[in-house]
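Residues per chain are reported as follows:
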Amino acid sequence: MAGRISSSNGAATRRTVVAGAAAALATALTGCESASPAGAGGTSDDAKAPVVSGHKPKGKDVIDVVADCGAKGDGRTDDSRAFARAYARAAGRVWDHVGRTVIDIPAGTYLIKQPHALLDAPGGKLKANGLRFRGAGKRMTQLIFAPSHAEDAYLCRNEDSWANVMFEQMAFAAGTPGASFFYSYSTGQAQDYRFTACEWTGEWTYGLALDGSNTNSEMRWDACRVGGAYRKAFLYSGLSEKSADRPQQDQFLNYWFNDMKVEYAWGNFLEFPYGGSITCRGGSYIVTGRRPEDTDDYGRTSTFFRFPRGPHHDSVQRFHAEDIRFEVRDPDTVVIDCAWDSGTVHFNDCDDTAHAFKSFAADTRPHRYRIGARGPLVRYDSCQLSGQHHYERDGDGTGPRARYDMCLLRNHSPRDFIDGAGDRVRFVDCLGS
């Protein structure tokens, strides 16, 4: 189940942790006298603190990659060994399945040539909760990943090992075009990642690539900048490289993007062929350039939200975008291309009309849907929209599957706004040109 640590790893569930914390807080606030003696109102199901086994590991709780591990941070020296040493110390200090170490990365530019040097957890040998990388500030702490070969080279890999991984106040650059940032494989353990005030630049194949069959979930990006370019996607769910059964890839749940600056040259931002629950709130989304060449998978288009239909079980398929300003700078920029076969897609108070005045705008189709008998159900509320929206009918089914409420259509009237299956769409109190 998404959001729960695998019971086989010995870690406490969320319910246990919350209950234990509540009991501890109550005791701290009221004093020892608040405890009820046996037979005086106490119950057998009173919350108890989880049992902690073993001993606290030796060493410092905070490791500095410069002072403690010898990194130079001069942008020229290969600091791979220093980062690998820092991670090894953090992995070695896991106690009772809980991480006990913060890895500090001071201001500087760090060249890393060795794949997996920042985080190397192969094969699910380690089951742990809590790993934190802390920089000095976005663009103050910068890691340049420059492996000798880009193919299948990742700066981080987490194979069913770590949950609750945090990256704060740092930037990542692809020094070798086509390298990738993070490979995450899960059958229930690798989940709960958080990125705060981080930045990506350079040409990557994948930013974060998700693989496995269950619970690659609960991930959050806050005030981050996604720059650079992406041969595949910044966040791609469902590589199927190690999954024993591709249709089981149906637990990609709960991804949150808040106050983002998504301003990259070309490629896809999110690609979710196996469904997912995704929320994007606030920020600016811009594709600043064009793909350098035509590709078999994508042609010349760059798409913020690409949701093709992959073989999988009946998973969650839910997408919500709110308070976002999109720029459609040319006909090859696509806001959404969705072929999910059920679920919901919702845009609320979004605007993609920054270039609606240009000559090409009326002929663009930046929102594209394939609608079947079970959906997806599509809704736009209080949005300002350019070009036309394309709808393709998939199979049987009648009646609207999309609705536009109080939207401003900059280049067309409601009658001319839909390209394709217009019978699937309803307009309520919308204004057109």
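Our subject is the structure listed above.
Residues numbered from 1 in each chain as written. Predicted model: local features only at pLDDT ≥ 70, side-chain atom pairs only at ≥ 80, totals over all residues. Heavy atoms only, no water.

Asks: So what exactly am I meant to see when it comes to the overall build of the chain here?
Replies: Tallying secondary structure elements over the chain gives 3 helices and 31 strands in all. By residue count, 52% of the 433 residues in the chain fall in the buried class. Considering only contacts in the chain between residues 6 or more positions apart, those separated by 24 or more positions represent 80%. Here the chain displays about 18,700 Å² of accessible surface, and carbon together with sulfur accounts for 49% of that area. (Helix = DSSP H or I, 4+ residues; strand = E, 2+ residues; numbered from the N terminus. Buried < 20%, exposed > 50% of the residue type's maximum accessible area, 1.4 Å probe, protein only. Contact = heavy atoms within 4.5 Å. Areas by Shrake-Rupley, 256 points an atom, 1.4 Å probe, with all protein chains shown as cover.)

Asks: What should I look at first to understand the pairing of strand β20 (residues 317–322) in this one?
Replies: When a strand is regular, its side chains alternate between the sheet's two faces. Among the 6 residues of β20, 5 are classified as buried, and the element is accordingly described as predominantly covered. In this structure, strand β18 (residues 276–287) lies alongside β20, joined through 6 bridges in parallel fashion. Considered in β20, the bridge of S277 is made with R318. (Pairing = 2+ DSSP bridges.)

Asks: Explanation requested: the side chain of S80 in the structure shown.
Replies: Along the polypeptide, S80 turns up in helix α2 (residues 80–92). A distance of 2.6 Å separates polar atoms of two side chains, one belonging to S80 and the other to D78. Of note is the side chain of S80, whose polar atom sits 2.8 Å from the backbone nitrogen of K113. With residues near it in sequence (within four places) discarded, S80 still touches L111, I112, K113, Q114 and A117. (Polar contact = N/O pair within 3.5 Å; in protein donor to acceptor, adjacent residues only side chain to side chain.)

Asks: Can you help me understand empty space enclosed by the protein in this one?
Replies: One way to see where empty space is left: roll a probe the size of a water molecule over the atoms. By the definition in use, this model includes 1 cavity of 30 Å³ or more. By volume, the largest cavity is sized at about 30 Å³. Around the largest cavity, the lining residues are V287, G289, R290, R291, R300, S302, D330, D332 and T333. Taken together, the residues that form the lining of the largest cavity break down as 1 nonpolar, 3 polar and 5 charged. (1 Å grid on protein atoms, 1.4 Å probe; cavity = no way out; pocket = protein on both sides within 12 Å on 5 of 7 lines; lining within 4 Å. Points joined across faces, edges and corners; volume = space filled by probe spheres on them. Nonpolar A, V, L, I, M, F, W, Y, C, P; charged D, E, K, R; others polar.)

Asks: Would you take a moment to explain the packing of aromatic side chains for this structure?
Replies: Two measures describe an aromatic ring pair: the distance that separates the ring centres and the angle between the ring planes. The final tally for this structure, using the stated rule, is 47 aromatic pairs. Between Y206 and Y236, the aromatic rings sit 5.5 Å apart at their centres with planes inclined by 65°, giving edge-to-face as the arrangement. Taken together, the residues Y206 in strand β12 (residues 199–214) and Y236 in strand β15 (residues 229–237) connect sequence positions 30 residues apart. What makes Y206 buried here is its relative accessible area of 11%. (Phe/Tyr/Trp six-rings, centres within 6.5 Å; stacked < 30°, edge-to-face > 60°.)

Asks: Would you explain the side chain of T364 in this entry?
Replies: With respect to the helices and strands, T364 occurs in the loop between β23 (344–348) and β24 (367–371). A polar side-chain atom of T364 sits 2.7 Å from the main-chain carbonyl oxygen of A361. For T364, the residues in contact, after removing those within four places along its chain, are P331, G387 and Q388.

Asks: How should I be thinking about the pattern of salt bridges in this particular structure?
Replies: It is possible for side chains of opposite charge to pair when their charged atoms get near one another. Enumeration over the complete set of coordinates arrives at 23 salt bridges. Note that E168 is salt-bridged to R132, the shortest N-O span being 3.1 Å. Taken together, the positions of E168 in strand β9 (residues 162–168) and R132 in strand β6 (residues 128–135) put the pair 36 residues apart, joining distant regions of the chain. On the accessibility criterion, R132 (28% relative accessible area) is partly exposed. Here R290 and D332 are joined by a salt bridge, their closest N and O atoms 2.4 Å apart. In this pair, R290 sits in the loop between β18 and β19 (302–307) while D332 sits in the loop between β21 (325–327) and β22 (333–338), placing the two residues 42 residues apart along the sequence. We classify D332 as buried; its relative accessible area is 17%. (Salt bridge = Lys/Arg side-chain N within 4 Å of Asp/Glu carboxyl O.)

Asks: Quick question: what am I supposed to make of the pairing of strand β8 (residues 154–159) here?
Replies: Most of β8 is tucked away: 5 of the 6 residues are buried. Here strand β5 (residues 119–121) pairs with β8 via 3 bridges, running parallel. When the sheet's bridge partners are listed, D120 is paired in β8 with R157. Across 5 bridges, the pairing between β8 and strand β10 (residues 171–187) is parallel. From the neighbouring strand, E159 faces β10, where its bridge partner is Y185.

Asks: Looking at this structure, I do not really get the nonpolar core. What am I missing?
Replies: Judged by nonpolar contacts, the single largest core of 94 residues is most densely connected at W200, W221, F257, F305 and F347. Excluding residues within four positions of it along the chain, F257 makes contact with W221, F234, L235, F269, L270, I278, T279, C280, R281 and Y285. Of all hydrophobic cores here, the second largest spans 9 residues; its members include Y185, Y206, L239 and Y298. (Core = buried A, V, L, I, M, F, W, Y, C linked by side-chain atoms within 4.5 Å.)

Asks: Got a minute to help me understand unusual backbone geometry in this structure?
Replies: Most of the time, phi is negative for any residue but glycine, and the peptide bond is trans. For the bond running from G375 to P376, omega is 15°, close enough to zero to count as cis. Its place among the elements puts P376 in the loop between β24 and β25 (377–381). Its identity is not glycine, yet H97 carries a phi of approximately 70°, on the positive side. Position of H97 relative to the elements: it lies in the loop between α2 and β3 (102–105). Unlike most non-glycine residues, M406 shows phi in positive territory, near 50°.

Asks: Please clarify how α2 should be interpreted in this entry.
Replies: Working note: α-helix, 3.6 residues per turn, so residues spaced by three or four point in the same direction. Here α2 is 13 residues long and its end C-alpha atoms lie 18 Å apart, about the 18 Å a rise of 1.5 Å per residue gives. Of all the positions in α2, only S80, A82, F83, A86, Y87 and A90 are classed as buried. (Expected span 1.5 Å × (residues − 1).)

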